[in-house]
Amino acid sequence: MEYFELYLTMMVIISWLTGAFFLKIRGSCHLKNIINFILLFLYSLLIAFRPQTVADTKSYNQVFWMIDPNHNYGFRPFEEIFGVEYGFLYFMKWIKWLWDDVHFFYFVLTFTTAALFLYGSKKILKGQGIERISEPIILSIYMSYYGTYYSAIAIRQGIALSLGVLALAFLIEKKYLKMTGALVAAFLFHRLAVLNGGVILVFLVLKKEIPYKFYAFLFTLPFLYFLFNTDNWIQRTVLYYVPAILRMLRISNYIGWLEDYTTLEIGLSYTSLYICGVGGLLVLLSLTKPGLKRLLNIYLIGIAVNIVFLIMSGASRVYDFFTIYSVLIAGGAYTKWSRKRNGLFRVKDLNNIIILLIIICNLILFFNIIK
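About the criteria used
Residues numbered from 1 in each chain as written. Predicted model: local features only at pLDDT ≥ 70, side-chain atom pairs only at ≥ 80, totals over all residues. Heavy atoms only, no water. Helix = DSSP H or I, 4+ residues; strand = E, 2+ residues; numbered from the N terminus. Expected span 1.5 Å × (residues − 1). Buried < 20%, exposed > 50% of the residue type's maximum accessible area, 1.4 Å probe, protein only. Contact = heavy atoms within 4.5 Å. Patch = residues over 30% accessible without salt bridge, like charges linked within 9 Å, V, L, I, M, F, W, Y side chains within 5 Å. Areas by Shrake-Rupley, 256 points an atom, 1.4 Å probe, with all protein chains shown as cover. Salt bridge = Lys/Arg side-chain N within 4 Å of Asp/Glu carboxyl O. Phe/Tyr/Trp six-rings, centres within 6.5 Å; stacked < 30°, edge-to-face > 60°. Lys NZ or Arg CZ within 6 Å of the ring centre and 35° of its normal. Axes fitted to C-alpha atoms, helices over the stretch in contact; angles between N-to-C directions. Parallel < 35°, antiparallel > 145°, perpendicular 65-115°, else oblique. Left-handed = near helix turned anticlockwise from the far one by under 90°. Nonpolar A, V, L, I, M, F, W, Y, C, P; charged D, E, K, R; others polar. Polar contact = N/O pair within 3.5 Å; in protein donor to acceptor, adjacent residues only side chain to side chain.

Visitor: For this particular structure, what's the right way to read unusual backbone geometry?
Guide: Most peptide bonds take the trans configuration, and most residues that are not glycine carry a negative phi. Backbone geometry at Asp56 places phi at a positive 75 degrees, although glycine is not the residue there. Tracing the sequence through the fold places Asp56 in the loop between helix 2 (29-48) and helix 3 (57-66). The phi angle at Lys174 is positive, at roughly 60 degrees, despite the residue not being glycine. Within the secondary structure layout, Lys174 lies in the loop between helix 8 (155-172) and helix 9 (176-189).

As structure tokens, then:
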């Protein structure tokens with residue numbers, strides 16, 4: 001496991017350093033595409049040959065080996081087979097038909113998930129007025145937590161998250177049929193992908209300019225809640241209503257993740273500090289481009305969801321549908337700040353420090369999870 005952590009850190013560093021060089025390449029789309037492909041290829045290889053001790057890996061191995069590529073399993077979009085959704089089942093079946101090798105499956109899945117996320121991210125950022133984008137910088141932020149966690153552990157949700165990002169990109173481009181297709185495909189891979197609809201709703205509703213002082217106030221509230229909450233009234237309310245909602249969505253297996261609020265001690269943890277601290281850093285980064293504030297609104301809703309679902313041990317799989325947009329905020333701010341100056345200091349230097357802090361926090365969070 002230590003070698004995996006080392007190789008992942010090296011991959012993030014390589015992508016970061018490549019990103020700094022990337023912005024200097026002008027008018028050479030072909031070269032940029034080659035660089036992006038190499039980075040995605042190397043990263044996919046790393047995830048494909050991850051240690052078998054990484055959570056859920058052995059379970060997905062067994063599902064892959066059970067699937068017969070020549071068998072017709074039917075199609076029931078609201079049910080599971082072998083513990084996975086039918087969309088994911090047929091994705092595995094198709095890959096197994098191409099080559100019956102589990103490492104090849106993980107490679108294709110990781111490459112597809114990362115490529116969809118990168119493609120959707122570029123479209124969203126361009127829709128917010130950011131033209132010069134360093135894809136390797138976005139990849140380095142993505143790989144440091146979200147990409148690796150949702151490509152190596154929660155792999156079904158990983159591709160659902162990427163399809164959700166793509167759906168938002170199609171919304172911005174007013175390609176509503178493609179947006180609907182991406183949302184439906186995401187749901188067929190993971191039923192929690194209904195939360196992608198919540199992301200779309202937040203983006204559509206929260207359009208107005210919000211003062212930055214108000215953002216600072218909003219990010220302070222959850223910190224105080226985690227610090228002083230002793231009554232857990234929000235969690236008790238969630239415990240009362242959520243099981244019924246989960247049964248309605250036919251994902252009642254998540255009910256087992258609900259913890260008994262009478263024994264749950266809520267307070268500051270690394271995860272709560274992480275989500276609030278990164279939120280504060282994202283506010284600073286979003287100062288460079290007003291368009292990024294709409295993505296910041298999505299992240300802010302993610303913090304609210306974190307508080308509401310804190311009683312669920314797998315809560316990150318809920319609020320990450322919203323907080324994953326931190327990758328776009330940081331990547332978009334980098335491309336914008338890198339050409340400005342602020343007094344005696346280059347703004348891009350401050351920007352790089354902030355993004356590096358986010359990457360370090362991401363790596364620490366991921367390494368704590370896989371211990």
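Visitor: Please explain helix 4 (residues 86-98) as it appears in this structure.
Guide: What sets the pattern is the α-helix's 3.6 residues per turn: residues three or four places apart point alike. Taking 1.5 Å as the rise per residue, helix 4 with 13 residues should run 18 Å; its terminal C-alpha atoms sit 18 Å apart, in good agreement. Among all positions in helix 4, only Tyr86, Gly87, Phe88, Leu89, Phe91, Met92, Lys93, Ile95 and Lys96 are buried. Where helix 4 is buried, its residues meet helix 3, strand 1 (80-81), strand 2 (84-85), helix 5 (102-127), helix 8 and helix 9.

Visitor: Explanation requested: a nonpolar patch on the surface in the structure shown.
Guide: Taken together, the side chains of Ile34, Phe37, Ile38, Phe41, Leu42, Leu45 and Phe49 define a hydrophobic patch exposed on the protein surface, amounting to about 620 Å² of accessible area. Here Ile34 is to be found in helix 2.

Visitor: Where do I start with the packing of aromatic side chains in this structure?
Guide: Two numbers describe a pair of aromatic rings. These are the distance of the centres and the angle of the planes. Scanning the entire structure with this criterion turns up 20 aromatic pairs. Note on Trp99 and Phe104: the rings are 5.2 Å apart at their centroids and 45 degrees apart in plane angle, and the pair reads as tilted. Following the ring pairs from residue to residue traces out a cluster consisting of Tyr60, Phe64, Phe88, Phe91, Phe105, Tyr106 and Phe189. For the cation-ring pair, Arg50 lies above Tyr106, with the distance from its terminal atom to the ring centre recorded as 4.1 Å. Lying across the ring of Phe64, Lys96 places its NZ or CZ 5.2 Å from the centre.

Visitor: Whenever I open this one, the environment of Gly277 confuses me. Can you help?
Guide: Position of Gly277 among the secondary structure elements: in helix 13 (residues 270-285). As for Gly277 and Cys361, which are separated by 84 residues in sequence, their C-alpha atoms are 9.4 Å apart.

Visitor: Please explain the environment of Ile303 as it appears in this structure.
Guide: By the secondary structure assignment, Ile303 is in helix 14 (residues 292-308). Here Ile303 falls in the buried class, since its relative accessible area comes to 2%. Sequence separation of Ile303 and Gly279 is 24 residues, and the distance between their C-alpha atoms is 8.5 Å.

Visitor: Sorry, what's going on with the packing of helix 4 against helix 5 here?
Guide: Two quantities define a packed helix pair, namely the angle between the helix axes and the distance between the axes. Their axes nearest at 9 Å, the elements helix 4 and helix 5 cross at an angle of 125 degrees. By the angle between their axes, helix 4 is oblique relative to helix 5. Here helix 4 runs over helix 5; the crossing is right-handed. The residues of helix 5 that touch helix 4, namely those facing Phe88, Phe91, Met92, Ile95 and Leu98, are Phe104, Phe105, Val108, Leu109 and Thr112. In terms of residue class, the contact of helix 4 with helix 5 is made up of 9 nonpolar, 1 polar and no charged.

Visitor: Would you mind going over the side chain of Asn362 with me for this structure?
Guide: Mapped onto the elements, Asn362 comes out in helix 17 (residues 347-369). A distance of 2.5 Å separates polar atoms of two side chains, one belonging to Asn362 and the other to Tyr274. Residues contacting Asn362, with those up to four places away along its chain left out, are Ile141, Ser144, Tyr145 and Tyr274.

Visitor: Even after reading the chapter, I still don't get the pattern of salt bridges, so can you show me in this structure?
Guide: Should their charged atoms come close, side chains of opposite charge can pair. Tallied over the full model, the rule gives 8 salt bridges. Between Lys123 and Glu173 there is a salt bridge whose closest N-O contact spans 2.8 Å. Remark: Glu173 occurs in the loop between helix 8 and helix 9 and Lys123 occurs in helix 5; sequence separation between them is 50 residues. Residue classification places Lys123 among the buried residues on the basis of a relative accessible area of 17%. When its relative accessible area of 29% is taken as the criterion, Glu173 is described as partly exposed. A single network of salt bridges, built from pairs that share partners, joins Glu80, Glu85, Arg156 and Arg191.

These figures capture arrangement, not role.
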